[in-house]
Amino acid sequence: MKKTLGAVALAGASALVLAGCAGGAPAEPETGDITVWLVGADTPQTARDYLKQTFESENEGWTLTIEEKTWADVSDTYTAALSSNDSPDVVEVGNTQALGFADAGLFLDISDIQDQLGGSDLLPGLVEAGTYEGSLYAAPYYAGGRIVFYSPMMVDEVPATLDEYVAEGVALTTDTVSGIYAPGKDWYNALPYIWAFGGEIAVQDGDTWDAQFSSPESLEGLNLLQTVYQDATVAPADGNELMANIAFCNGEAGFISSPAWAAGNLTGAWPWADEDAGQNSEGCPDTYAADLGAFALPGLEAGETAPIFAGGSNVAVATKSAAPTKAKAALEIMLSEDYQKLLAEQGLTPGIISAASALPDTPIAQAQAAALANSKGTPASPNWAEVEAAQIIPDALVRIAQGEDVEAVATALDEQIEAILNQ
């Protein structure tokens, strides 16, 4: 993967933005088109239609175009696009990526409309993810937590602890079946093993970041994870999580850990699934998914959950938008209660608290709520986006999955992370 969110790329982006603004902001056009970039298929078509229709009805002479991007685009092409004179107007980014773009000067300060966007009704964790040097640059869009899915046809009893979960995964595994579907590059699902034992990704001491993958606590989690890789899964060591639902629907996985909205994919209730991305629009066979079960990943003790990664997205206005006032108007629609409830109906935790009432009242939604109640994020550094873009964590996990010495891999990973965060 190209490394476009590194310090050099972002510094260059900042220079381009500043140069473009040197002559003062140009007058906004009276008519035109607002371009909104959404990532992946998570935003349902109902919400997309609502955004376009509402914006165009409220802004005479204007149109709104939605373009769908991939998460690879966020790392590989966003910087160049947001620095250009043909920048999109509103963009979705991952909650761990927002600070990097804000630090580079690619996002507009939207603190002036924070109250209109929801104010105290905004989801606090995602507000923090989009706040840089005391100002809001990226508004909450939605949050999601990974939960463990299973079929009663394969799993008889829900494990009470993380050790029981791994042991049951080992017991279910055969030459063709993964008790726990755990490809090496799936780093979001690897983090709970580290956090459950009290480990961390990196901690800040003053202005210095100290990476913690090689701490005693983190190593306990990584050693348990290596047991999963070696004895509880036949997923590719160098693969990612995109094929998890296919393996599950084929009866080749006992447990898969995915965002709660994946339930619609597994049951066939997700008509806008992207089959090219490994998503299955037809769902699992009725006999396999009819009683689809889910639970929050258990912790070390019965009755506890393991900390999970607090996933989600933020939305921002591009600094180089040709019509920032209209872009902000589109953003306000995306944070409105009516729009956010459409996201909630899809199973996404909405970016405004008041829209959470529209979340489905199902065991799966309840499992996600329990999981998100014990969740963590990545280090709050503007350089974190470069860590993700460099793919050093997935690469290290692949090496662990392939049987390399855990401590040696973790020590080398810490050195790489510190080199990026402390530059």
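As the structure is a computational prediction, the values presented were derived from the model and not from experiment.

Engineer: Would you mind showing me how to read the overall build of the protein here?
Structural biologist: Looking only at helices and strands, one finds 19 helices and 16 strands in the protein. Every one of the 423 residues in the protein was classed for burial, and the buried ones make up 56%. Contacts in the protein between residues at least 24 apart in sequence constitute 77% of all its contacts with a sequence separation of at least 6. If you sum the accessible surface of the protein, you get close to 17,100 Å²; carbon and sulfur atoms cover 49% of it.

Engineer: What is the right way to look at the pattern of salt bridges in this model?
Structural biologist: Between side chains of opposite charge, a pair can form as their charged atoms come close. With the rule as written, the count across this model stands at seven salt bridges. Here Glu-200 makes a salt bridge to Lys-376, at a shortest N to O gap of 3.2 Å. Within this pair, whereas Glu-200 is found in the loop between helix H9 (191-196) and strand S9 (202-205), its partner Lys-376 is found in strand S16 (residues 375-376), the two being separated by 176 residues in sequence. The exposure class assigned to Glu-200 is partly exposed, which follows from its relative accessible area of 27%. Given the relative accessible area of 26%, Lys-376 is considered partly exposed. The shortest N-O distance in the salt bridge between Glu-337 and Lys-341 comes to 3.3 Å. Of the two residues, Glu-337 and Lys-341 are both situated in helix H15 (residues 337-345); the distance of four residues between them amounts to about one turn of the helix. Of the residues examined, Glu-337 reaches a relative accessible area of 36% and is grouped as partly exposed. Lys-341 gets classed as partly exposed once you look at its relative accessible area, which sits at 27%.

Engineer: Would you explain the environment of Ala-322 in this entry?
Structural biologist: With respect to the element layout, Ala-322 can be found in the loop between strand S14 (311-317) and helix H14 (324-334). Separated by 237 residues in the primary sequence, Ala-322 and Asn-85 have C-alpha atoms spaced 8.4 Å apart. Sequence-distant contacts of Ala-322, defined by excluding residues within four places in its chain, comprise Glu-28, Pro-29 and Asp-89.

Engineer: Honestly, the pairing of strand S10 (residues 208-211) in this entry has me stumped. Any pointers?
Structural biologist: The side chains of a regular strand alternate between both faces of the sheet. Burial along S10 is one-sided: Trp-209 and Ala-211 are buried, and none of Thr-208 and Asp-210, which face the opposite way, are. Bridge analysis of S9 against S10 gives four bridges, and the strand direction is antiparallel. The partner of Asp-205 across the bridge, within S10, is Thr-208. Remark: two residues form the turn of the hairpin made by S9 and S10, two consecutive strands paired antiparallel; Gly-206 in that turn has positive phi of roughly 70 degrees.

Engineer: Hey, could you run me through the packing of aromatic side chains in this one?
Structural biologist: Aromatic rings considered in pairs are described by the distance between their centres and by the relative angle of their planes. As enumerated under the stated definition, the model contains 15 aromatic pairs in all. Here Lys-69 stacks its cationic end above the ring of Trp-37, 4.3 Å away from the centre of that ring.

Engineer: Please explain the pairing of strand S7 (residues 146-150) as it appears in this structure.
Structural biologist: In terms of burial, S7 is a largely internal element, five of the five residues being buried. Note that S7 and strand S11 (residues 253-259) share five bridges and pair antiparallel. Bridged to Arg-146 within S11 is Pro-259.

Engineer: Sorry if this is basic, but what is going on with the nonpolar core here?
Structural biologist: For soluble globular proteins, nonpolar side chains are generally found buried alongside one another. If you look at the biggest cluster of nonpolar residues, it comprises 57 residues, and the most contacted ones within it are Phe-149 and Met-334. It is H14 that provides the largest number of residues to this core, a total of five residues. Once you skip the residues sitting within four places of it in the chain, Met-334 turns out to touch Val-36, Leu-38, Leu-51, Val-90, Tyr-141, Val-315, Tyr-339 and Gln-340. Counting residues in hydrophobic clusters, the runner-up holds 49 residues, among them Ala-232, Ile-393, Ile-400 and Val-409.

Engineer: It is not clear to me how the confidence of the model for the protein should be interpreted in this structure. Could you clarify?
Structural biologist: A low pLDDT means the predicted coordinates there should not be read in detail. Of all residues in the protein, 89% have pLDDT values of 70 or greater, and the mean over the chain is 89. Here residues 1-12 scores under 50 on pLDDT; set against residues more than four positions off or in separate chains, the count is 28 contacts. In the predicted structure, residues 14-23 sits below a pLDDT of 50 and forms nine contacts with residues beyond four places in sequence or in another chain.

Engineer: What is the right way to look at the sheet that holds strand S1 (residues 32-39) in this model?
Structural biologist: Within a beta sheet, neighbouring strands are joined by backbone hydrogen bonds and run either parallel or antiparallel to one another. The strand order S2-S1-S3-S14-S6-S15 describes an open sheet built from six strands, whose pairing is mixed. The open sheet terminates on both sides in strands that have one partner only, identified here as strand S2 (62-69) and strand S15 (349-350). Its contacts with the sheet place helix H2 (residues 45-58) against S1 and S2, and it is angled at close to 160 degrees to S2. Against the sheet, H15 contacts strand S6 (139-144) and S15, and its axis sits at roughly 15 degrees relative to S6.

Engineer: Could you clarify how one ought to interpret a negative patch on the surface in this entry?
Structural biologist: Taken together, Asp-156, Glu-157, Asp-163 and Glu-164 make up a surface patch of like negative charges. Along the chain, the position of Asp-156 falls in the loop between S7 and helix H8 (162-172).

Thresholds applied
- Residues numbered from 1 in each chain as written.
- Predicted model: local features only at pLDDT ≥ 70, side-chain atom pairs only at ≥ 80, totals over all residues.
- Heavy atoms only, no water.
- Helix = DSSP H or I, 4+ residues; strand = E, 2+ residues; numbered from the N terminus.
- Buried < 20%, exposed > 50% of the residue type's maximum accessible area, 1.4 Å probe, protein only.
- Contact = heavy atoms within 4.5 Å.
- Areas by Shrake-Rupley, 256 points an atom, 1.4 Å probe, with all protein chains shown as cover.
- Salt bridge = Lys/Arg side-chain N within 4 Å of Asp/Glu carboxyl O.
- Pairing = 2+ DSSP bridges.
- Phe/Tyr/Trp six-rings, centres within 6.5 Å; stacked < 30°, edge-to-face > 60°.
- Lys NZ or Arg CZ within 6 Å of the ring centre and 35° of its normal.
- Core = buried A, V, L, I, M, F, W, Y, C linked by side-chain atoms within 4.5 Å.
- pLDDT = per-residue confidence, 0-100.
- Axes fitted to C-alpha atoms, helices over the stretch in contact; angles between N-to-C directions.
- Patch = residues over 30% accessible without salt bridge, like charges linked within 9 Å, V, L, I, M, F, W, Y side chains within 5 Å.
- Lys, Arg positive; Asp, Glu negative; His and termini not counted.
- Charge placed at Lys NZ, Arg CZ, Asp CG, Glu CD.

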